[in-house]
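Letter by letter, the chains look like this.
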Amino acid sequence: MKYKGKGRIVLCFLLCMLMALPVGIGSAAAVKAAEQQTIIIGTNAEYSPFEYLDDNGNITGFDYDLLEAIAREENVKLVWKDMPFDSLMGSMEAGDVQVIAAGIGPTEDRKKSVDFSDVYYTGTQCIISRKDNPVKDFEELSGKTVAVLEGAQSDMIASGETTDYGEVKDAKVKRFKNASSAVMELKNGGADAVLIDNIMAEIYCKQNSDLQYESVPSTAEDTVFCIQKGNTEIAQIINDGLAKVKNSGEYDDLYQKYFVDTLENSEDVTDVAATDGFLGLLSFIFLQDNRWKFYINGLGITLLVSLMSVIVGILIGLVVALVRLGAAKKGRRTVLSTIADVYVDVIRGTPSVLQLMIIYFAVFHSRLGYVAAVVSFGINSGAYVSEVIRGGILSVDKGQSEAGRSLGLGYKDTMRFIVIPQAVKTILPAMGNEFIQLIKETSILGYVGIMDLTKAASYVSSRTYQMFIPLIVAGIMYYLIVKCLSILLKRFERRLRESD
């Protein structure tokens, strides 16, 4: 009976385990099923109404809402990355993004590098021109200056790379990173026409009463999402989701919202200054749609990236300077000193914007934009800081080192307690100037889609078609930052002189 009791207990335990096993397996399967697949979307949020930034600096637009609706239908998660238009294809080839949503048309050349989704929009190319100098067709574009979005279908048509839609002969093509800059070039007289999609043309001409547009019927063009070459799974997800969104009527709602209502609600911004006066113009530029927030956010990013970069630069510069000084003291080159010499030579001999793009696109693969910016500017600053530190140490009289050795101090202690403290007086003012220079250099952050102070001014200009005032305000903000730092540096230098 004793063993039978134990047997019953074991049997009951095994039965419980068997009953719990399917539940556990089912739970694990449910958790696995609940895990959402993540798809990385690359876009250029400067092509309203397809993709643009809203009042809070978030990506929105027809493409954004359409893909988010598709994601909900297919239970996938989207991660959006904003970058320059001409960087999108390269980022996909590098594996940084899996889908491109940027109003792109399917071409044979692009088909070699990417796959295409089903068509989600069809438009035509339009020619925007000034009413006092109208241009009506491709024949009239011949020999004229044409502004286009760099890398877009209009770019290939105007430059003669494709003649499928008609031929433009001997045109001078001006390429811009965003469509609004091309339109401003036309308004300022720097171009004779802009070649662009019809929806964009309608909106821009509604907002600018001095412009007109003409459709080119032969240029009817489909618009698709570009998908990573060979990724049939994502292609199936997008195509299935697109069909569901169209069948549910949500596609029609989005089309109405972004293409019909946006056009009807567009306001003419051409004569704002004339009708509302200067104060009204300032209100329109900065207060309407809370555009002043872009300046505040851009200022914070500029200062943060500059501060973090100069800290990284100091650390790198100190190490490089000590390595090179150590090699000079020994009278022979070492592996580390050779690497340090090459580093300084290469960094000082190449543009900082090129370094930023290499670090962001090639090293970080379009991820962690702020970290990539700090690393890039820190590496750039480190080369110059190393020379500042090295020059400051070499400026200390050799007799100070000899005095340290006569006191029985070794090389490291002599540097630590005698040479470097005296070199600091020479180094710190120069380091302050490096910080000031770095603040101004961060104005290139827009090349990798980061909304710094300069990018904020550019964005406000693109939304208001007012170029001068937004840029002047950004310039004043830069000047005030530099002026405050210069005053602090002068006071600091006076304090250093007082201790002499």
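You'll find the structure just up there.
All values reported here derive from a predicted model rather than from experimental measurement.

(A) Focus on the pattern of salt bridges. Under the defined criterion, the tally for this structure stands at 14 salt bridges. The salt bridge partner of arginine 324 is glutamate 387, with a shortest N-O separation of 2.5 Å. Taken as a pair, arginine 324 in helix α12 (residues 292–330) and glutamate 387 in helix α15 (residues 369–394) lie far apart in primary sequence, 63 residues in all. Salt bridges sharing common partners tie together Arg324, Arg333, Asp341, Arg348, Glu387 and Arg390.

(B) Local environment of the nonpolar core. Counting residues in each nonpolar core, the largest one holds 105 residues, and the members touching the most others are Phe62, Leu66, Leu67, Ile128, Ile196 and Phe225. Per-element tally for this core: the top contributor is helix α19 (residues 468–498), with eight residues. Residues Leu141, Val168, Val173 and Val216 belong to the second largest nonpolar core, which totals 15 residues.

(C) Structural context of the sheet that holds strand β9 (residues 125–130). The mixed open sheet is built from five strands, whose spatial order is β11-β10-β12-β9-β13. Across the chains shown, the open sheet's two edge strands, defined by having one partner strand only, are β11 (172–176) and β13 (211–215). Taking the axes of each pair of neighbouring strands and ignoring which way they run, one obtains an average angle of 30 degrees across the sheet. Here helix α7 (residues 179–187) sits on the sheet and contacts β9, β10 (145–149), β11, β12 (193–197) and β13; the angle it forms with β12, its principal contact strand, is near 155 degrees. Along the sheet, helix α8 (residues 198–207) contacts β9, β12 and β13; its crossing angle with β12, the most-contacted strand, is approximately 125 degrees.

(D) Representation of α12. In a regular helix each residue adds 1.5 Å, so 39 residues correspond to 57 Å; α12 covers 57 Å between its end C-alpha atoms and thus fits that length. Just downstream of α12 lies glycine 331, where phi reads positive at about 80 degrees.

(E) Representation of the packing of helix α16 (residues 398–406) against helix α17 (residues 411–441). Running from N to C, α16 and α17 cross one another at 155 degrees; their axes reach a closest spacing of 10 Å. With respect to α17, the axis of α16 lies roughly antiparallel. The two elements α16 and α17 meet at a crossing, and its hand is right-handed. Here α16 contributes Gln400, Ser401, Gly404 and Arg405 to the contact with α17, which in turn contributes Thr414, Ile418, Val419 and Gln422. When grouped by side-chain class, the residues that make up the contact of α16 with α17 number two nonpolar, five polar and one charged.

(F) Up close: the packing of aromatic side chains. This model, assessed by the stated rule, comprises 16 aromatic pairs. Ring geometry for phenylalanine 62 against tyrosine 258: centres 6.5 Å apart, planes inclined by 70 degrees, an arrangement best described as edge-to-face. In this pair, phenylalanine 62 is assigned in helix α2 (residues 62–74) and tyrosine 258 in helix α10 (residues 250–265), connecting sequence segments 196 residues apart. Each member of the pair, phenylalanine 62 together with tyrosine 258, is buried. Seen from their ring centres, tyrosine 121 and phenylalanine 259 are 5.2 Å apart, and the 40 degrees between their planes marks the pair as tilted. One end of the pair, tyrosine 121, is in strand β8 (residues 121–123); the other, phenylalanine 259, is in helix α10, and 138 residues separate them in sequence. One exposure class covers both tyrosine 121 and phenylalanine 259, and it is buried. In this structure an aromatic cluster arises from ring pairing among Tyr47, Phe50, Phe62, Tyr120, Tyr121, Phe225, Tyr251, Tyr255, Tyr258 and Phe259. The ring centre of tyrosine 251 lies 5.3 Å from the NZ or CZ of lysine 246, which sits over that ring.

(G) Expanded view of the state of the cysteines. In the structure shown here, the tally under the stated rule is zero disulfides. The thiol sulfur of cysteine 126 is not disulfide-bonded, and the nearest other cysteine sulfur, from cysteine 205, lies at 8.3 Å.

(H) Examining unusual backbone geometry more closely. A positive phi angle, close to 55 degrees, is found at asparagine 75, a residue other than glycine. Along the chain, asparagine 75 turns up in the loop between α2 and β5 (76–82). Even without a glycine there, the phi angle at aspartate 170 is positive, about 55 degrees. The exposure class assigned to aspartate 170 is exposed, which follows from its relative accessible area of 70%.

The rules we used
- Residues numbered from 1 in each chain as written.
- Predicted model: local features only at pLDDT ≥ 70, side-chain atom pairs only at ≥ 80, totals over all residues.
- Heavy atoms only, no water.
- Salt bridge = Lys/Arg side-chain N within 4 Å of Asp/Glu carboxyl O.
- Helix = DSSP H or I, 4+ residues; strand = E, 2+ residues; numbered from the N terminus.
- Core = buried A, V, L, I, M, F, W, Y, C linked by side-chain atoms within 4.5 Å.
- Buried < 20%, exposed > 50% of the residue type's maximum accessible area, 1.4 Å probe, protein only.
- Pairing = 2+ DSSP bridges.
- Axes fitted to C-alpha atoms, helices over the stretch in contact; angles between N-to-C directions.
- Contact = heavy atoms within 4.5 Å.
- Expected span 1.5 Å × (residues − 1).
- Parallel < 35°, antiparallel > 145°, perpendicular 65-115°, else oblique.
- Left-handed = near helix turned anticlockwise from the far one by under 90°.
- Nonpolar A, V, L, I, M, F, W, Y, C, P; charged D, E, K, R; others polar.
- Phe/Tyr/Trp six-rings, centres within 6.5 Å; stacked < 30°, edge-to-face > 60°.
- Lys NZ or Arg CZ within 6 Å of the ring centre and 35° of its normal.
- Disulfide = S-S within 2.5 Å.

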